[in-house]
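The chain contents come next:
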Amino acid sequence: MTSATTAPPTAFVLVPEIHTGAWVWHALAERLRESGAVAHPVELSAAPGADLETHIGEVRDALAAVAATAPAAQVVVVGHGYGIHPALGAADRDPGRVARVVHLDAGNPQDGDPPLALVPDQALQESLRKPPQESPREPVPDGGPVGGPVGGPVAPPAPGALHRWGSLEGVPAEEAALLVERAVPQPAATLTRPLRLTGAAAGLPSTGVLCTANGTSFALVELLAGMGDPRILALAERDVRFFDLATGHWPMLSCPDELAAVLVEAAAGRGQRLTPQKETGAGAGTGAEAGAPPRTFLLDVAECPRERAGRVDLHLPDAAEPRPALVFVHGGPLPADRRPTPRDSATFLGYARYAASLGAVGVTVDHRFHDLSSLGRAAEDVAAAVDLARADPRVDGDRIALWFLSAGGVLCADWLAAPPPWLRCVALTYPILAPLPNWGLDATRFHPARALPSAGPLPLVLTRAGLEHPEIAATVDAFLTAAEECSATLDLIDLPQARHGFETLDHTPETRAGVHRAMTSVLHHLDAARTGSGPSGM
C-alpha cells in the first residue's frame, strides 16, 4: 500500500451563450481533455416552446450524465453570458453534484432576475419589455414570462451587429463567420422567465472570468467595491475568485489555450479575490477602490448653504446677484438603494462647495443611472436638474456649465450634439466617453465622440487620469482623436499619477493642482460669457 493519493479528475460542464450551442466549446473541450479533465458541452434547446426551466433541465441532465460516467470527478459548471442562468439554476437544484460555478464573462443573477436583465443587447431588452401599465400589474407567476407579448423566437443579430453580443476582439475571421452561420433563434421565454433560486447553492465556490476587451476587469470590479456597491461587496464576503483574460467576449474562440489554463486554475480554487472592507460611504459614485485611505475631498472647502429640491441640491455662494451654475453629474450604474447617494458623497459635496466658495452655484443631482437600460432616464434627470437650476432666481440662467465624472461622461453626448446657447462649458473628469463593449448599446446615442462635430466652439475641459483603467482610457483616447479632427476647443489637463476617483484616493500636489486648474478653466469660460465683462474674475 502507498500513502500517495490521486486527486479526483475535474469535469467541466460548459453552458453556452445566447444563440449558440455546444459547437462553440469544441476547441476548448479538446484542450481540457488534453489536460486530463472531462469536458461536457451542453446543447441548449432552440425549440420555440423552450424556456429557462427547459435549459436548466438540460444542464441538470448533463450533471447526471457526468455523475454516471465520472462519479469521482469534481464538477465545475461554466456559464458563458446567458449560460450562467441555467448553470446557476441547475446548481441550485443539484448542489451536491457541483463543486464550483464559473461565471465566464457573465453577470451574477439573483433569484427572480430574468436573463433579459443581464443580456447586454439593449435593443433586444427594449423589444421584449412590456410597455408600462397604468393599473397595478398582477404578480408574475413562476411559470410565466415577464414583459409583454414576445411573439416568436428571437432572431440572432445580423452579421454586422455581432457587437451587440459583446466584443469580438481576438476572434479569428473564420470563427466569427461561424457565429453567424451557426447561430440559432433564441426562444423568447428563455430570456423573460425569471430565474428561481432557493439558495441551496449559495455556498458553492464561485469564480469570475472577466474578458477585459469586453469592458470588464478585476480592477473595475475593485472599483465598484470601492464605490460601495453591495452586490460587489457581497462577492468579497463569499471569497469569490477572479481571473482576467485579455480578450473579447468569446475566449473559447479567441484564446482556447489560455481559457483552458484559467479554468484548470479556477477549479483548483485559485484566482484574485476582493478584500472585504467596511464601506465608509464617502466615495460614492467616484470609483474609490478597496483599501483606500479615509475618503475625504482632496481640498479643504468650507460648508455653504445647501437647498434640496427632489433629486437636486443647490450649494449657494454668498452673493446678492444671480451667479453662474456648475451642474455636477455622477457616474454609475449605482444601485437604487445605495447610501449615501452621490450628492452626499465627499466628492460631490467637495466639488459643489468648491464652486460655491468661488462665487458660483454648485448643483448636484442624484440621477437614476441604476442599470444600463436606465441611461435615457438618467439623461432626463440631468436635463431636469439643469432646468430647475436655471429657473432659480439666484442662478444666472445664461451661464451654465455641465461637469461629468466617470460613466456620467456618456451623458454629455446629448449636450454636445445640440448645445444650447446658455451652455458655456462642458467639463469631463476621468470620464467614460463611449459605451463599453459589454454595455450592448448601439452608437446612435451616448457616444460623445460622434457628437463632437456638432458642438462647434463649445469649450471643453477634460481631466485625464494617467493611471486610468485601460478599458476607460481607450474611450478617452478615441474622444481626443475626434476632438483633434474637428478642431474642438479643448483644455486637456493630464494628471500622470492620478487614479480614477483621485479626489478621494490621491491627495497629492498634482491632483490638487489639477482640480484647481479644471475649476479655474470652467469658471473662466462662465465669466467670459457675462455680458459686458472681461476675464477679470467672478
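See the structure shown above.
All values derive from a computational prediction rather than experimental measurement.

Caption draft 1: Focus on the environment of Leu 28. Its place among the elements puts Leu 28 in helix H1 (residues 26-34). Using a relative accessible area of 0% as the deciding quantity, one classes Leu 28 as buried. On a C-alpha basis, the gap between Leu 28 and Ala 39 in space is 8.6 Å, while along the polypeptide they are eleven residues apart. Among residues more than four places away in sequence, those in contact with Leu 28 are Leu 14, Met 252, Pro 256, Leu 259, Ala 260 and Leu 263.

Caption draft 2: How the structure looks around the packing of helix H11 (residues 346-357) against helix H17 (residues 509-528). Interhelical geometry of H11 versus H17 gives an angle of 55 degrees and a closest axis separation of 11 Å. Compared by their axis directions, H11 and H17 come out oblique. Along this stretch, H11 crosses H17, giving a crossing that reads as right-handed. Across the interface between the two elements, Tyr 351, Tyr 354 and Ala 355 from H11 touch Val 515, His 516 and Met 519 from H17. Residues that form the contact of H11 with H17 fall into these classes: five nonpolar, one polar and no charged.

Caption draft 3: Representation of the environment of Val 312 in the model. Note that Val 312 resides in strand S9 (residues 312-315). You can call Val 312 buried: its relative accessible area is 7%. Those residues in contact with Val 312 that sit more than four places away from it in its chain are Glu 307, Arg 343, Val 363, Thr 364, Val 365, Ala 385 and Leu 388.

Caption draft 4: Summary view of the packing of aromatic side chains. Enumeration over the complete set of coordinates arrives at nine aromatic pairs. Through a chain of ring-to-ring contacts, the aromatic side chains of Phe 297, Phe 328, Tyr 351 and Trp 403 assemble into a single cluster.

Cut-offs used in this document
- Residues numbered from 1 in each chain as written.
- Predicted model: local features only at pLDDT ≥ 70, side-chain atom pairs only at ≥ 80, totals over all residues.
- Heavy atoms only, no water.
- Helix = DSSP H or I, 4+ residues; strand = E, 2+ residues; numbered from the N terminus.
- Buried < 20%, exposed > 50% of the residue type's maximum accessible area, 1.4 Å probe, protein only.
- Contact = heavy atoms within 4.5 Å.
- Axes fitted to C-alpha atoms, helices over the stretch in contact; angles between N-to-C directions.
- Parallel < 35°, antiparallel > 145°, perpendicular 65-115°, else oblique.
- Left-handed = near helix turned anticlockwise from the far one by under 90°.
- Nonpolar A, V, L, I, M, F, W, Y, C, P; charged D, E, K, R; others polar.
- Phe/Tyr/Trp six-rings, centres within 6.5 Å; stacked < 30°, edge-to-face > 60°.

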